[in-house]
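Inside the fold
Listed below, chain by chain, are the residues.
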Amino acid sequence: MKKIIALVLALIMAASMLTACSSEPKESGSSPAATESQSAKEEKTKIAMFVPLTGDFKQYGDAIVRGAKLAIKIFNRDNGTKFELDVFDDKGDPNESVNLANKIVADGSYFAAMGSYTSSCAMATVPVFEEANMLLYSPTGSHEDFPLMSPITIPMGITKKYDCALQVNELVKRFPEKKTMGMIYQNTDNGVVVANATTKAFEEHGGKVIVSETFTPNQTSDFTPLLSKIKESGADILYVESGYVDGAKIFNQALALGMDTSTTLFLANGTQLKPEFLDLVGDKGNGIVFITTMVSYQKKLLEGKQLDPEITKFLEEYKQEYNLEEPDAFVCQGYDSTMNLITSAHKVGTKTEDLIKQCLKFEGFYPVSGKDMSYTEHKELLKNYQFVYIVEDSEFLYLDDWLAAQK
Amino acid sequence: MFLQQLINGITIGSTYALVAIGYSMVFGVLELINFAHGSVYMLGAYFSLMTYLAMGGRHFLLAFALSMVLSAVVGFSIDRAALRPLRKSNAPKTTALIATLGCSTIIENSVLLSFGTEAKKFPNLLDLGYIELPNARFSYLQLIILGTAISLMIGMSLLVYRTKMGKAMRSTAQNSEAAALMGINVQGVISITFMIGSALAAIAGTLVGMYYESISVTLGFTTSMKTFASAVLGGVGSLPGAMLGGILMGVIETMAASYVSSGYRDAIAFMVLILVLLIKPTGLLGKQRFDKA
């Protein structure tokens, strides 16, 4: 009798699972059609964002969310709209991102998705969103393949090949005497692209990358073998492409090995442009230079500067909303990508094709994450303005201001 | 450059050895791979930093001592709450191993919730300067780390081989039932071993935190694999083996990164480990395991 009951229960379970399995794709598969019929009556107002809210990249995810939520709040208040943002935690793990992408698509109430912090996570989800014909806007994705992967992908991060070329142009212009480079980069999709693009651009300008070393991010603690090689090579530039935690460790260890910012240019990438980086390098970080398209609104940088009223308004809104002083570059990219998305949706509606076309115009709002920005015909973001910062007494300063003060 | 790389390798190897000694202590008595050890090492560093900051950035030695005590309490709790009940019910060793993995996850998540995920600046209070050589330099802190690892290895070896407590540990390792019949408080011995191992982990975590000048939740995970490999290379259960394995692991890894490829540094280090184990399965000093003495 027990066996029969167990068999019946097993059959019921199997049947219910099959029903669930068959109903899920049906739901997601029918969503574009459903979207169209719904949009005729009323536009969707919800956006799904997936970023790391736990794990190694939490700081970046938190910053992006703060920027995105602020954009939604300001836009709704000023325009009487009812856009909403639902945030999901992908832990910085591409597998988790794909699970969330499926969940977002199956939900059927979102008109666009935003995410993730890393290009790897964003790129992993592209097939899911492409099948559902849902716009995927990555607030920080900058891998050169991302915008070309699918008609539905738009990045807010400047495409690395352009970023590296611009950075090297500025480097060569500012430091013409620095001819040789020792490079340490992350062994990730993005890190490899940056290393190759930077090497190519630097060598086109007559420089030479004499040491190029890689490491596994968030797993390597000891960089002294790599730094000893670079020190031995006598490279004029130590270029570090990494997150801010690894970057701070690398620069600290370089100093401990006797490398010196007065003889070697310590050059950091924009990802390290965070106040937390300054906390970790402490007062030893003096002289580290950043050449980047990423913006910083640290108090010291704004002293004596005439700011655009729109920027001032953004900074005040941010301070009021979060009781925090300085939005970093990731807050700004979260803000700009969300603002562009909802401004476009407000103007042309939420039909994916129209929305993408409008987003690529990048108009109707005041961007805060950089200057002179536009999209190419291939959906690649261009930023034609480089900021050059130097670290002094645990603050970021504009290099020009610092040089003027030295005189 | 070779001399500098050798110094680099010995330094990183010393940090592995510091942690590997704690691994070996527990393995020697229980024949249990304690996967929570790496997490206690990370927790020890957090305890030192947080108690130091809580005291207004003063009395570091007191903070350090408190960290050792707190870590020892955590070690005791792991044994008392998760492992002793399993021993009582004669659960297989793999069950205990999984339980230590669970403890590791609980500790890491507790630290995440309590202190956040961001890396913390760790003050280097032993920044005593550098010793300059013609083609290399090293800091006094590097010497202190190496000296501490050697001292702990000697101290723990003396404890195990020259004291009554050590005799009790070795008896427990050989046959816990017979040891209990001889009047040895087996559960007490195991608890003390866990407490000593955890206090050692706190020392290691604090020194490594100072050396790298930052700590984060991933500290335990990133070190665990290497230190476990170090203990295996030296011969699990052998304290001098843990020391030797740690130093060798560090030097091999550094030399691989310097002269072969930085991308394959870990792969090469583990390849050497496998080769050594194929030739000598008990590890380099495996025969001298105190539990079989």
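Residues numbered from 1 in each chain as written. Chains lettered and ligands numbered in written order. Predicted model: local features only at pLDDT ≥ 70, side-chain atom pairs only at ≥ 80, totals over all residues. Heavy atoms only, no water.

1. Description of the overall build of chain B
- Broken down by element type, chain B carries 11 helices and four strands.
- For 293 residues, the compact-globule estimate of 2.2 N^0.38 gives 19 Å, and the C-alpha radius of gyration of chain B, at 19 Å, lies within 12% of that figure.
- Judged by the C-alpha coordinates and their principal axes, chain B covers about 60 × 50 × 35 Å.
- A total of 293 residues make up chain B; the buried ones form 56% of that total.
- Taking the intrachain contacts of chain B between residues at least 6 apart in sequence as the baseline, contacts between residues at least 24 apart amount to 77%.
- Accessible surface, chain B: about 12100 Å² in total, of which carbon and sulfur atoms supply 70%.
- Taken as two groups, the 19 positive and 11 negative side-chain charges of chain B have centres that lie 11 Å from each other. (Helix = DSSP H or I, 4+ residues; strand = E, 2+ residues; numbered from the N terminus. Rg over C-alpha atoms; globule rule 2.2 N^0.38 Å. Buried < 20%, exposed > 50% of the residue type's maximum accessible area, 1.4 Å probe, protein only. Contact = heavy atoms within 4.5 Å. Areas by Shrake-Rupley, 256 points an atom, 1.4 Å probe, with all protein chains shown as cover. Lys, Arg positive; Asp, Glu negative; His and termini not counted. Charge placed at Lys NZ, Arg CZ, Asp CG, Glu CD.)

2. Quick notes on the overall build of chain A
- Secondary structure summary: chain A contains 16 helices and 14 strands in total.
- Within chain A, buried positions represent 54% of all 407 residues.
- Sequence-distant contacts, at least 24 apart, represent 69% of the contacts inside chain A between residues at least 6 apart.
- By element, 53% of the accessible surface of chain A is carried by carbon and sulfur atoms, the whole surface being about 17200 Å².

3. Focus on the packing of helix α5 (residues 140–162) of chain B against helix α8 (residues 186–212) of chain B
Residue and element names in this part refer to chain B.
- Between α5 and α8, the least distance of the axes is 10 Å, while the angle of their chain directions is 170°. For the element pair α5 / α8, the angle class is roughly antiparallel. For the pair α5 and α8, the contacting residues are L141, Q142, I144, I145, T148, L152, M156 and L159 in the first and I196, L200, I203, L207, M210 and Y211 in the second.
- Classifying every residue of the contact of α5 with α8 gives 12 nonpolar, two polar and no charged. (Axes fitted to C-alpha atoms, helices over the stretch in contact; angles between N-to-C directions. Parallel < 35°, antiparallel > 145°, perpendicular 65-115°, else oblique. Nonpolar A, V, L, I, M, F, W, Y, C, P; charged D, E, K, R; others polar.)

4. Observations regarding the layout of surface pockets
Residues and elements named next belong to chain A.
- Estimated volume of the largest pocket: approximately 720 Å³.
- Lining of the largest pocket is provided by 42 residues; of these, Y117, T118, Q186, N190 and T271 occupy positions nearest its centre.
- Taken together, the elements giving at least two residues each to the lining of the largest pocket come down to α3 (58–79), α5 (119–131), α7 (160–174), α8 (189–204), β8 (237–241), α10 (244–256), β10 (289–292) and α14 (329–348).
- Looking at the lining of the largest pocket, the element that brings in the most residues is α7, giving four residues.
- Among the residues forming the lining of the largest pocket, the class breakdown is 15 nonpolar, 21 polar and six charged. (1 Å grid on protein atoms, 1.4 Å probe; cavity = no way out; pocket = protein on both sides within 12 Å on 5 of 7 lines; lining within 4 Å. Points joined across faces, edges and corners; volume = space filled by probe spheres on them.)

5. Here's the deal with empty space enclosed by the protein
- Applying the stated criterion across every chain yields a total of five cavities of 30 Å³ or more.
- Taken as a whole, the largest cavity spans an internal volume of roughly 240 Å³.
- Surrounding the largest cavity, 23 residues form its lining, A256 of chain A together with Y130, S139, Q142 and Y211 of chain B being those nearest its centre.
- Contributing elements (two or more residues each) for the lining of the largest cavity: α10 of chain A together with α1 (2–30), β3 (136–139), α5 and α8 of chain B.
- Counted by class, the lining of the largest cavity contains 10 nonpolar, nine polar and four charged residues.

6. Brief notes about the interface of chain B and chain A
- Facing the 25 residues of chain B at the interface are 31 residues of chain A.
- Carbon and sulfur atoms supply 51% of the area buried between chain B and chain A, which totals about 2400 Å² over both sides.
- Taken as a group, M1, T117 and Y212 of chain B account for 21% of the area that chain B buries against chain A, more than any other trio of residues on that side.
- We note a salt bridge from K284 of chain A to E213 of chain B, for which the minimum N-O separation is 2.6 Å.
- Taken together, the connections running from chain B to chain A amount to 12 residue pairs in polar contact (both at pLDDT 80 or more).
- Elements with a contribution of two residues or more to the side of chain B that touches chain A: α1, β1 (120–121), α8 and α10 (239–259) of chain B.
- Considering every element that reaches the side of chain B that touches chain A, the biggest residue donor is α1 of chain B, with four residues.
- Grouping the constituent residues of the side of chain B that touches chain A by class yields seven nonpolar, 11 polar and seven charged. (Buried area = accessible area lost by both parts, 1.4 Å probe. Salt bridge = Lys/Arg side-chain N within 4 Å of Asp/Glu carboxyl O. Polar contact = N/O pair within 3.5 Å; in protein donor to acceptor, adjacent residues only side chain to side chain.)

7. Re the pattern of salt bridges
Residue and element names in this part refer to chain A.
- Taken as a whole and judged by the stated rule, the model has 26 salt bridges over all chains.
- For D86, the salt bridge is made with K46, and the minimal N-O distance between the two is 3.3 Å. Residue D86 is located in strand β2 (residues 84–89), and its partner K46 is located in strand β1 (residues 46–51); the two are separated by 40 residues in the primary sequence.
- Given a relative accessible area of 21%, K46 falls into the partly exposed group.

8. Focus on the confidence of the model for chain B
All names here are of chain B.
- The share of residues in chain B with pLDDT of 70 or more is 98%, and the mean pLDDT across the chain is 89.
- At the level of individual helices and strands, chain B shows its lowest average pLDDT in helix α9 (residues 219–234), which scores 84, and its highest in helix α2 (residues 37–54), which scores 95.
- For residues 288–293, every residue scores under 50 in pLDDT, and the model assigns this stretch 24 contacts once sequence neighbours within four places are set aside. (pLDDT = per-residue confidence, 0-100.)

9. With respect to the sheet that holds strand β4 (residues 135–138) of chain A
All names here are of chain A.
- Taken in spatial order, the five strands line up as β2-β1-β3-β4-β5 in an open sheet, and their pairing is parallel. Every interior strand has two partners, whereas the edge strands, β2 and β5 (153–155), have only one. Geometrically, the sheet is characterised by an average inter-axis angle of 25° between neighbouring strands, direction not taken into account.
- Relative to β5, β4 is paired through three bridges, and the arrangement is parallel. (Pairing = 2+ DSSP bridges.)

10. Some words on the sheet that holds strand β7 (residues 208–215) of chain A
Residues and elements named next belong to chain A.
- Taking strand neighbours across the sheet as the criterion, the seven strands line up as β7-β6-β8-β9-β10-β13-β14 in an open arrangement whose pairing is mixed. Two strands in the sheet have a free side with no partner beyond their single neighbour: β7 and β14 (395–398). In this sheet, neighbouring strand axes are inclined to one another by 25° on average, regardless of whether the strands run parallel or antiparallel.
- Sheet topology places strand β6 (residues 180–186) next to β7; seven bridges connect them, and they run parallel. Bridging across to β7, Y185 finds its partner in T214.

11. Considerations on unusual backbone geometry
- Following G115 of chain A, the chain continues into S116 of chain A via a peptide bond in cis, with omega recorded as -10°.
- Phi is positive for K379 of chain A, close to 70°, though the residue is something other than glycine.
- Within the secondary structure, K379 of chain A is located in the loop between β11 (373–375) and β12 (381–383).
- Positioned with a positive phi, H59 of chain B is a non-glycine residue whose angle comes to about 55°.
- Note on placement: H59 of chain B falls in the loop between α2 and α3 (60–88).

12. Examining the packing of aromatic side chains
- Under the criterion given, the structure shown has 30 aromatic pairs over all chains.
- Here F277 of chain A and F290 of chain A contribute two aromatic rings whose centre-to-centre distance is 5.5 Å and whose plane-to-plane angle is 90°, an arrangement assigned as edge-to-face. Highlighted residues: F277 of chain A in helix α11 (residues 275–281) and F290 of chain A in strand β10, separated in sequence by 13 residues. One exposure class covers both F277 of chain A and F290 of chain A, and it is buried.
- Taking the centre distance of 6.0 Å and the plane angle of 50° together, the rings of F35 of chain B and F228 of chain B count as tilted. Placement of F35 of chain B in the loop between α1 and α2 and of F228 of chain B in helix α9 is noted, with a sequence separation of 193 residues between them. (Phe/Tyr/Trp six-rings, centres within 6.5 Å; stacked < 30°, edge-to-face > 60°.)

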